[in-house]
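Architecture and fold: a report
Read off the chains here:
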Amino acid sequence: GQQLNQSPQSMFIQEGEDVSMNCTSSSIFNTWLWYKQDPGEGPVLLIALYKAGELTSNGRLTAQFGITRKDSFLNISASIPSDVGIYFCAASVDDKIIFGKGTRLHILP
Amino acid sequence: DTGVSQNPRHKITKRGQNVTFRCDPISEHNRLYWYRQTLGQGPEFLTYFQNEAQLEKSRLLSDRFSAERPKGSFSTLEIQRTEQGDSAMYLCASSPHNTQYFGPGTRLTVL
């Protein structure tokens, strides 16, 4: 079945560093989404991408919908302590979305 | 607050008991989804509704699970004869098209 390969699984960075994570698949999707989830809470939508090649920013976050429609990346610039959490990529075709396994971001003091 | 809401936020139950969770979607969204999430995993699709019609159910949704959305607004997810393996976070999301907005989830613990 369709699945998303998200990497890295976890990251340890210093505050102020830039972060990059990505998601790949062997399947083609119409929409790519990036969510952040804090412990005990539901995922919060960060960026939605609807067109191949689309590059979208939301504050310090930038995400791109890959030209092949099989991948997407998320960059976070100048990380701050509240960026800690789990980031999920998700992709959809038709009405359903599937999720990657998440990238856990840790920020070292 | 006009986001997706879920109740209860936490539920502890004994094995064999029935539990019911409620989801109130964003009011203008006609699609409503249920997911299950276990530790270290992304959410896994269970079922979804367009208005009051249940359009798809995952293989994960055993006979003990049933979901309803009787008037096309709020939805309930019932688990009968709970098992310890049902312990998870149950997430609801609503959508106007192909972007989903999640509620805070209901964490179920089956003892």
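Structure first, text after, so check above.
Residues numbered from 1 in each chain as written. Chains lettered and ligands numbered in written order. Predicted model: local features only at pLDDT ≥ 70, side-chain atom pairs only at ≥ 80, totals over all residues. Heavy atoms only, no water.

1. Here's the deal with unusual backbone geometry
The test is simple: Helix and strand definitions follow DSSP, with helices as H or I runs of at least four residues and strands as E runs of at least two, each counted in order from the N terminus.
The omega angle of the peptide bond from S7(A) to P8(A) is -5°, so this bond is cis rather than trans. Between N7(B) and the following residue, P8(B), the backbone shows a cis peptide bond with an omega angle of -10°. The residue P8(B) is located in the loop between β1 (5-7) and β2 (10-13) in this model. The residue R69(A) is not glycine, and still its phi comes out positive at about 70°. Mapped onto the elements of the fold, R69(A) is located in the loop between β7 (61-65) and β8 (71-76). If you check the backbone angles, N51(B) has positive phi at about 55° while not being a glycine. Relative to the elements of secondary structure, N51(B) occurs in the loop between β5 (44-50) and β6 (53-57).

2. Re the layout of surface pockets
Inclusion rule: Each cavity reported here is a set of points on a 1 Å grid over the protein atoms alone in which a 1.4 Å probe fits but cannot get out, each pocket an open set with protein on both sides within 12 Å along at least five of seven lines, and each lining residue one with an atom within 4 Å of a point. Grid points are joined across faces, edges and corners, and a volume is the space filled by probe spheres set on the points. Residues are grouped as follows: Ala, Val, Leu, Ile, Met, Phe, Trp, Tyr, Cys and Pro are nonpolar; Asp, Glu, Lys and Arg are charged; all remaining types, including Gly, are polar.
By volume, the largest pocket amounts to about 790 Å³. For the lining of the largest pocket, the elements supplying multiple residues, two or more each, are β1 (5-7) and β10 (96-99) of chain A together with β5 of chain B. Among the elements that take part in the lining of the largest pocket, β10(A) stands out by supplying 4 residues, more than any other. Grouping the constituent residues of the lining of the largest pocket by class yields 8 nonpolar, 11 polar and 5 charged. Volume-wise, the second largest pocket comes out at about 450 Å³. Along its surface, the second largest pocket is lined by 25 residues, and Q37(A), I86(A), R104(A), L39(B) and G40(B) are the ones closest to its centre. Counting only elements with at least two residues in the lining of the second largest pocket, the list comes to β9 (85-93) and β11 (103-108) of chain A together with β9 (88-95) of chain B. Ranked by residue count, the leading element in the lining of the second largest pocket is β11(A), at 4 residues. Class assignment for the residues of the lining of the second largest pocket results in 8 nonpolar, 12 polar and 5 charged.

3. Looking at the packing of aromatic side chains
For clarity, the threshold we go by: The criterion for an aromatic pair is that two Phe, Tyr or Trp rings (for Trp, the six-membered ring) have centres within 6.5 Å, with stacked assigned to planes under 30 degrees apart, edge-to-face to planes over 60 apart and tilted to the rest. Each residue's exposure class comes from its accessible area (1.4 Å probe, protein chains only) as a fraction of the maximum for that residue type: buried when under 20%, exposed when over 50%, partly exposed otherwise.
This structure, assessed with the given rule, holds 13 aromatic pairs over all chains. Where Y35(A) meets F99(A), the ring centres are 5.7 Å apart and the plane angle is 40°; that geometry is what we call tilted. Placement of Y35(A) in strand β4 (residues 31-37) and of F99(A) in strand β10 is noted, with a sequence separation of 64 residues between them. Summarising the burial analysis for this pair, Y35(A) and F99(A) share the class buried. On the basis of an interplanar angle of 85° and a centroid distance of 5.3 Å, the ring pair of Y35(A) and F102(B) is categorised as edge-to-face. With Y35(A) in strand β4 and F102(B) in strand β10 (residues 101-102), this pair bridges two chains. Members of the aromatic cluster, connected to one another through ring pairs, are Y35(A), F88(A), F99(A), Y33(B), Y35(B), F45(B), Y48(B) and F102(B).

4. Examining the pairing of strand β7 (residues 65-68) of chain B
Residue and element names in this part refer to chain B. Let me state the cut-off plainly: Strands qualify as paired when DSSP identifies two bridges or more between them.
Going residue by residue along β7, you find F65 and A67 tucked away on one face and S66 and E68 left uncovered on the opposite face. With 4 bridges joining them, β7 and strand β8 (residues 75-79) adopt antiparallel strand pairing. Looking at β8, one finds that S66 is bridged to E78. Counted along the chain from β7 to the antiparallel partner β8, the turn is 6 residues long, and its residue G72 has a positive phi close to 70°.

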